[in-house]
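Results of the structural survey
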Amino acid sequence: EPEVTQTPSHQVTQMGQEVILRCVPISNHLYFYWYRQILGQKVEFLVSFYNNEISEKSEIFDDQFSVERPDGSNFTLKIRSTKLEDSAMYFCASGNTRAYEQYFGPGTRLTVT
Amino acid sequence: LAKTTQPISMDSYEGQEVNITCSHNNIATNDYITWYQQFPSQGPRFIIQGYKTKVTNEVASLFIPADRKSSTLSLPRVSLSDTAVYYCPTLRDTGKLIFGQGTTLQVKP
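A brief look at the structure comes next. This is a predicted model, so every value here is computed, not measured.

**Observations regarding the overall build of chain B**
Across its full length, chain B holds zero helices and twelve strands. Element order for chain B, N to C, with α for helix and β for strand: β-β-β-β-β-β-β-β-β-β-β-β. Its C-alpha atoms give chain B principal-axis dimensions of about 40 × 30 × 20 Å. Looking at the 109 residues of chain B, the share that counts as buried comes to 47%. Summed over all atoms, the accessible surface of chain B reaches about 5300 Å², with 50% contributed by carbon and sulfur.

**Examining the sheet that holds strand β8 (residues 75-79) of chain A**
Whether parallel or antiparallel, the strands of a sheet pair through hydrogen bonds between backbone atoms. Residue and element names in this part refer to chain A. Taken together, four strands build an open sheet; the order of strands is β1-β3-β8-β7 and the sheet is antiparallel. Each edge of the open sheet is held by one strand with a lone partner, namely β1 (5-7) and β7 (65-68). Each neighbouring strand pair of the sheet contributes to a mean axis angle of 20°, computed without reference to strand direction. Examined bridge by bridge, strand β3 (residues 19-24) and β8 share five bridges and lie antiparallel to one another. Residue pairing across strands places Leu-21 opposite Leu-77, the latter belonging to β8.

**Some details on the interface of chain A and chain B**
The partner chain B presents 19 residues to the 19 residues of chain A that form the contact. Taking both sides of the interface into account, the surface hidden between chain A and chain B amounts to around 1700 Å²; carbon and sulfur atoms contribute 55%. At the boundary of chain A and chain B, one finds one salt bridge. Note that Lys96(B) is salt-bridged to Glu56(A), the shortest N-O span being 3.7 Å. In this assembly, chain A and chain B are joined by eight residue pairs in polar contact (both at pLDDT 80 or more).

**Concerning the sheet that holds strand β8 (residues 70-75) of chain B**
Residue and element names in this part refer to chain B. Spatially, the five strands line up as an open sheet ordered β1-β3-β8-β7-β6, and their pairing is antiparallel. In this open sheet, the two edge strands, each paired with only one partner strand, are β1 (3-5) and β6 (53-56). Averaged over all neighbouring strand pairs, the angle between strand axes comes to 20°, with direction disregarded. Sheet topology places strand β7 (residues 61-64) next to β8; three bridges connect them, and they run antiparallel. Of the residues in β8, the one forming a bridge with Phe-63 is Thr-72.

**A word on the pairing of strand β4 (residues 31-37) of chain A**
Residues and elements named next belong to chain A. Burial within β4 is extensive, with seven of its seven residues counted as buried. Across the two faces of β4 the burial is the same, with Tyr-31, Tyr-33, Tyr-35 and Gln-37 and Phe-32, Trp-34 and Arg-36 all buried. By the bridge criterion, seven bridges tie β4 to strand β5 (residues 43-50) in an arrangement that is antiparallel. Bridge assignment links Gln-37 to a residue of β5, and that residue is Val-43. The loop that links β4 with its antiparallel partner β5 comprises five residues; one of these, Gly-40, has a positive phi angle of about 80°.

**Thoughts on the packing of aromatic side chains**
Under the definition given, this model contains 17 aromatic pairs over all chains. Chaining the aromatic ring pairs together yields one cluster made of Tyr33(A), Tyr35(A), Phe45(A), Phe91(A), Tyr100(A), Phe104(A), Tyr36(B), Phe46(B), Tyr87(B) and Phe99(B). When the ring centre of Tyr51(B) is taken as origin, the NZ or CZ atom of Arg68(B), which lies over that ring, is 3.9 Å away.

**Focus: the nonpolar core**
Among the nonpolar cores identified, the biggest contains 21 residues, and Trp34(A), Leu46(A), Phe61(A), Val67(A), Phe75(A), Leu77(A) and Tyr90(A) are the most heavily contacted of them. At the level of elements, β3, β4, β5, β7, β8, β9 (88-95) and β11 (108-112) of chain A are the ones that each hand at least two residues to this core. With 19 residues, the next largest nonpolar core counts Trp35(B), Leu62(B), Leu73(B) and Leu75(B) among its residues.

**Examining the state of the cysteines**
Under the definition given, this model contains two disulfides over all chains. Paired by a disulfide, Cys23(A) and Cys92(A) hold their sulfur atoms 1.9 Å apart. In this structure, the disulfide formed by Cys23(A) and Cys92(A) twists by about -60° around the S-S bond and is classed as left-handed. Of the two residues, Cys23(A) is situated in strand β3 and Cys92(A) in strand β9; the sequence distance between them amounts to 69 residues. Both residues of the pair, Cys23(A) and Cys92(A), belong to the buried class. Between the sulfur atoms of Cys22(B) and its disulfide partner Cys88(B) the distance amounts to 1.9 Å. Where Cys22(B) bonds to Cys88(B) through sulfur, the torsion about that S-S bond is close to 65°, and the disulfide is right-handed.

Calculation rules
- Residues numbered from 1 in each chain as written.
- Chains lettered and ligands numbered in written order.
- Predicted model: local features only at pLDDT ≥ 70, side-chain atom pairs only at ≥ 80, totals over all residues.
- Heavy atoms only, no water.
- Helix = DSSP H or I, 4+ residues; strand = E, 2+ residues; numbered from the N terminus.
- Buried < 20%, exposed > 50% of the residue type's maximum accessible area, 1.4 Å probe, protein only.
- Areas by Shrake-Rupley, 256 points an atom, 1.4 Å probe, with all protein chains shown as cover.
- Pairing = 2+ DSSP bridges.
- Axes fitted to C-alpha atoms, helices over the stretch in contact; angles between N-to-C directions.
- Contact = heavy atoms within 4.5 Å.
- Buried area = accessible area lost by both parts, 1.4 Å probe.
- Salt bridge = Lys/Arg side-chain N within 4 Å of Asp/Glu carboxyl O.
- Polar contact = N/O pair within 3.5 Å; in protein donor to acceptor, adjacent residues only side chain to side chain.
- Phe/Tyr/Trp six-rings, centres within 6.5 Å; stacked < 30°, edge-to-face > 60°.
- Lys NZ or Arg CZ within 6 Å of the ring centre and 35° of its normal.
- Core = buried A, V, L, I, M, F, W, Y, C linked by side-chain atoms within 4.5 Å.
- Disulfide = S-S within 2.5 Å.

Rendered as structure tokens:
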């Protein structure tokens, strides 16, 4: 069964550093998403991406965040200058349609020190 | 903003049917109701989706009343491996999933 993959599984970085989280969505999917989950809290939507542009972004997704689909397979989330409060599990998801099942990756645990 | 409310936790025993109810305050006309399962240190996994009435698949049933202000996920004959957190996020027509706090289901032997 095809699955979404994410790398790295765990990233430790210092405050103020840039990080890039990588995702490989399922190959024939057209809709891509990033969510995050702070430890012990609910899953929060960050951004959706379709046809090489952002469809929707949340209030969390400020100017420090960006997404890119640099080639036909990868989907990345960049945080330019990390803050302590960016520490969370970041999930990538993809879907074949906008109105149905989203397939989530295993997540990248980001720890900002 | 579409907000969901569900019990924080539930206990059950192996072999029992479990029903988890979710309130969907302020659900919009174009929103779908979805249910996801999450195990520790994993991403959420889709269970079932519906708009109105009843939907059934190989793992669960979903009941949605006519007013769509609530939904009930029914898991038949749960096993220990069904111990997880269950979410009832609203799916907007933009593709955005809006998660609530989730229900931690503990299945006991």
